[in-house]
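Structural overview
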Number of protein chains: 4
Amino acid sequence: MTKFKGVVPPVVTPLNPDLTVDYPSYTRVLEHLIDAGCHGVFVLGSTSEVIFHDEKTRRDVIEHSAKVVNGRVPLIVGVIDPTTDRVIAHAKVAKAAGADAVVVTAPFYTVTSQSEILDHFRYIRDAVDIPLIAYDIPVCVHVKLQRQTVVTLAREGAIIGLKDSSGDDGNFRYALLDLAEHKNVFLMTGSEIVVDTALLMGAHGVVPGIANVDPHGYVRLWDAAQRGDWVAARKEQERLCRLFEIVWVAQGRVSGGAAGIGAFKAAMRSLGIIDSAVMPRPRAALNDAETARIDEILRATGLLN
Amino acid sequence: MTKFKGVVPPVVTPLNPDLTVDYPSYTRVLEHLIDAGCHGVFVLGSTSEVIFHDEKTRRDVIEHSAKVVNGRVPLIVGVIDPTTDRVIAHAKVAKAAGADAVVVTAPFYTVTSQSEILDHFRYIRDAVDIPLIAYDIPVCVHVKLQRQTVVTLAREGAIIGLKDSSGDDGNFRYALLDLAEHKNVFLMTGSEIVVDTALLMGAHGVVPGIANVDPHGYVRLWDAAQRGDWVAARKEQERLCRLFEIVWVAQGRVSGGAAGIGAFKAAMRSLGIIDSAVMPRPRAALNDAETARIDEILRATGLLN
Amino acid sequence: MTKFKGVVPPVVTPLNPDLTVDYPSYTRVLEHLIDAGCHGVFVLGSTSEVIFHDEKTRRDVIEHSAKVVNGRVPLIVGVIDPTTDRVIAHAKVAKAAGADAVVVTAPFYTVTSQSEILDHFRYIRDAVDIPLIAYDIPVCVHVKLQRQTVVTLAREGAIIGLKDSSGDDGNFRYALLDLAEHKNVFLMTGSEIVVDTALLMGAHGVVPGIANVDPHGYVRLWDAAQRGDWVAARKEQERLCRLFEIVWVAQGRVSGGAAGIGAFKAAMRSLGIIDSAVMPRPRAALNDAETARIDEILRATGLLN
Amino acid sequence: MTKFKGVVPPVVTPLNPDLTVDYPSYTRVLEHLIDAGCHGVFVLGSTSEVIFHDEKTRRDVIEHSAKVVNGRVPLIVGVIDPTTDRVIAHAKVAKAAGADAVVVTAPFYTVTSQSEILDHFRYIRDAVDIPLIAYDIPVCVHVKLQRQTVVTLAREGAIIGLKDSSGDDGNFRYALLDLAEHKNVFLMTGSEIVVDTALLMGAHGVVPGIANVDPHGYVRLWDAAQRGDWVAARKEQERLCRLFEIVWVAQGRVSGGAAGIGAFKAAMRSLGIIDSAVMPRPRAALNDAETARIDEILRATGLLN
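Residues numbered from 1 in each chain as written. Chains lettered and ligands numbered in written order. Predicted model: local features only at pLDDT ≥ 70, side-chain atom pairs only at ≥ 80, totals over all residues. Heavy atoms only, no water.

Contacts between chain B and chain A engage 39 residues on the former and 39 residues on the latter. Buried surface at the junction of chain B and chain A, summed over both partners, amounts to about 3,200 Å²; 56% is from carbon and sulfur atoms. A per-residue breakdown of the area chain B buries against chain A is headed by Y109(B), R281(B) and P282(B), which together make up 28% of the total. The interface formed by chain B and chain A holds four salt bridges in total. Its salt-bridge partner being R86(B), residue D81(A) comes within 2.9 Å of it at the nearest N-O pair. Our enumeration of links across chain B and chain A arrives at 17 residue pairs in polar contact (both at pLDDT 80 or more). For the side of chain B that touches chain A, the elements supplying multiple residues, two or more each, are α2 (55–69), α3 (84–97), α4 (114–127), α5 (138–141) and α11 (256–270) of chain B. Here the side of chain B that touches chain A is built from residues that sort into 18 nonpolar, twelve polar and nine charged. (Contact = heavy atoms within 4.5 Å. Buried area = accessible area lost by both parts, 1.4 Å probe. Salt bridge = Lys/Arg side-chain N within 4 Å of Asp/Glu carboxyl O. Polar contact = N/O pair within 3.5 Å; in protein donor to acceptor, adjacent residues only side chain to side chain. Helix = DSSP H or I, 4+ residues; strand = E, 2+ residues; numbered from the N terminus. Nonpolar A, V, L, I, M, F, W, Y, C, P; charged D, E, K, R; others polar.)

Take a look at the structure:
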């Protein structure tokens, strides 16, 4: 299972003003990422605002993505909803629509124990024959996938990988150590700003949201790490950290989620990748002053002239 | 809008072993509640495990409930999912299927500001012509509906009521004070154990999950409060507090949610109201030892011989 | 042990501009409280900003208070510091200086288990022969005294009472029920805004910070509850809730702690009880605009002409 | 100000059975650390259980440390107590007793804003002429030193450095970037398990508690990083991660704090560095089974034969 690795951006979902998906822009995003050398794409994740999309839209997005990607890189699909059987239904759709693997969080809304999380993944694995990737994102689901939970699921074959967006780098490292002998398991960091160090620890992949804006940067970072040039990796990472500051431009006026993904969309529009920076309700888009500030950051980090 | 008040239990959803809804048992639950004098029923809430049910099941539950209730008491329906437009879709279904009002939480999974919460409720109100009740349940959605948010929405007519399951009784009291002049707005507590005191503060209704087990107790408590007999209200409440201890019997072995609603189901099965105590995946049902302990509590509180 | 009950305000510590204690003002605060009919005084609590005071100041405050109070009401003294043996040292001083009982929190700064909390109280009880009152204040110490912890300590005689500032009224009620047979144990709420309902539950006393500003109001509330006039109790409480809004006047500009106690001090200065509203470092005092707004609230609630 | 850098362990405080400090053992700990090549020592920090020690003990520990260290390495001293003027008093004692710099946390017990935290450090800096190091430890003080707070204090010269025990590596990285031009400011990580990656980011020093057990390991790790051998640094770090698992051996039976520092003491006793593994009240020491398990880990990581 060596095909899931490297830079695998969570794909932003561009919207039309009527809140439907803007598929021409969506196609350009995918081509932009694949052209830059990304090793996979992850659609319908948190950065994709999956949680705002209904079942039909999700199916359409997967089918469209499968058609555009056309096997050039793996297509990883988020199947994110609150409870087990609802996730199973999404996973069946994702498989039928062309997903190579699906990404599953812990249950949410319902308060859940680690024991129930174990069963959650096992039930899904038993119900759908597609590789599962566990998604550790406590900021959204309000429970952490504990080290032992991840290791147990990986060892018994219920999951083939992890996307760790918990920010707990020490715990991530222990998962890497515990699973070092399991060559078919891969562990990816969801961080944008400690990618070089996650790779030094041995991470197999990175899923940075802001790679939608600058995929070349993360591919360069990945390549530097692969050849052991940690000084170059760090230098690239530091530039990307300065770019990542766009996510705080609108913070305070709008929520953190709207500020972050709104900034990705504003930047992608400025770079000509997507047509509009529309956000799903109740999120508000960034305003002109915020967009101007983002353009400054794009110029300062070499992305805009 | 005086019809929403009094004891309005959130209706437990009995399941068959194959995880479909057990409608004969469901009918008995509704009859049990209405016979006991409850003033309304709230289906598809947290206690109903709404978050485990897909769209078709939700529609069937509402239609079944509307048919059984048949206008005898108001039918309040939870339309609970993570984001605005998904909630709007549920609300439209609920209205068509016979709901008298719908219950809406703040967005979840996505991290949301109070400003976005205001817009969330406004968008839903604009999209569907049915009374909205705000549901404050931070333990599930991880954000509190702040006093000013509730008061603003009530004053502008976006919501007609509140179900407060936050446990913040002081904040609830301030909402009661702030909205005292708004006679068409009603505020209900979701607590099981401080109902007498919420009524002393002026609460217009109560939504206690354990009223599925003992609706007569809560109706007696309500009646005592209505006639100003606070000593009797407190005495009834204290008995109900002892009954409520069933929710901790399985805690530790299973999650808090599974322990609580599992205990309601186990008790209702022991009392002959429902046929089985099956729980939706990944929740486990209570075991025999736990059920025996629950039966002891039912006997100690006068519900079982 | 029937002497600890009723209205027992946590006494504000007035400061001189050089940050020393303003004892003439302090004397006036104590007389103001005792004249109003308060049933005890609690010095060196959170409202007293105990945590800002060094050992010598604490000793002086206790000795001064003992001299002024002179046995007219019980003198309860907070002995609040992070760890067991440091609390023991404070408790010995308090006993020698004239305290009738001491108030003890869970350890803080160090992260502590319920088992260690049990031992903490037992060690202190064994080391100093003075009645202990447990102080449940998770907002400061970041751990809750669980129901079983309080009940165990009370049943074994390690504590004689509880001051519950946790805001968890349901848990407080269970402690009242569990200890109903222990006639020598008393349980007090630290709330300002749900005192009537705490008394309906059976609370033995109340420790409202804002009683420094309006002790007569809380004594009236207490008296109404004692004679079972819950309508009058609620009405008085609702007026006090409006008064309590002073604590939010400066919130946002300064921290919540500075806003709350700063408001008490500003109001007490406006009422002529203390000479200055100086706050201990790094807290800032309220400004003129905030004080003017507080004066408006004092007028609206009948305290200022 | 180049003298504060490198491996600076927070020094464990060995106790006698009567809870007094075991100074002969204390001396051996200091010699053990300095002999191993540590670049400084940090006494009276969280690992030193400073919060359990009274003023006299703290003074004695500093004076003893100054005498033993005798200028061979810098002596950094924690002056940790809840509020500004109490910290100032400790800082004056520390300066008089021979400290080269003092370590200061945000206020605790009192809930504090970032603005008050800024003032807290400024007041201390103005009151005592000794270099200040900010200590970011939200697990103990329950507030994070935000990036802007640290950067502001460093730029205005109120602090000369940071010990970051927050676990927020991304934020730490931004502080490093923001202060890159301030050559006299140094930033240290408090982590034990992501030291190699913190050094790759540019951290100037490391303060790992478990360096009390294996200072040679951290010095080797530091040296590897200094010469740019990141593969060797990672390998050493991974061995130290396996060693660090001793902190979880007793977790669950005792609190996390007792389990962690209790494990350090048990290991140091097994290695002959200190005489006893006594813990301050209310913490319990590790038991024999736990100690045996720790010895196994010491053997597996090459520290014990």
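Let us look at the sheet that holds strand β3 (residues 75–78) of chain B. All names here are of chain B. Within the open sheet, the eight strands sit side by side as β1-β8-β7-β6-β5-β4-β3-β2. Their pairing is parallel. Across the chains shown, the open sheet's two edge strands, defined by having one partner strand only, are β1 (6–7) and β2 (41–43). Here strand β4 (residues 101–105) pairs with strand β5 (residues 132–136) via four bridges, running parallel. Residue pairing across strands places T105 opposite Y135, the latter belonging to β5. (Pairing = 2+ DSSP bridges.)

All right, on to the UniProt feature "binding site: pyruvate" (unreviewed entry) in chain A then. Residues and elements named next belong to chain A. Summarizing the sequence annotation, UniProt attributes the feature "binding site: pyruvate" (unreviewed entry) to T47 and V207 in the numbering used throughout. What stands out for the annotated residues spanning 161 residues is how close their C-alpha atoms remain, the widest pair being 10.1 Å apart. Looking at the secondary structure, you find T47 in the loop between β2 (41–43) and α2 (55–69). Look at T47 and you get buried, because its relative accessible area is 13%. The residues contacting T47, other than those within four sequence positions of it, are P10, V12, G209, N212, I261 and F264. The exposure class of V207 is buried, given its relative accessible area of 2%. Setting aside its immediate chain neighbours within four residues, V207 contacts V8, P9, P10, F42, K163, M188, T189 and G190. (UniProt positions renumbered as here; feature names shortened; annotations may be inferred. Buried < 20%, exposed > 50% of the residue type's maximum accessible area, 1.4 Å probe, protein only.)

Here we take up the relation of the copies chain B and chain A. Here the second copy of the chain follows from the first by a rotation about an axis and a shift along it. Expressed as a screw operation, the relation of chain B to chain A combines 0.0 Å of axial shift with a rotation of 180°, fitting to an RMSD of 0.0 Å. Given the turn and translation reported, the copies of this chain are related as if by a two-fold rotation axis. Counting the interface residues of chain B, we find that 100% of their copies in chain A are interface residues as well, pointing to one common contact surface. (Least-squares fit on C-alpha atoms with pLDDT ≥ 70 in both.)

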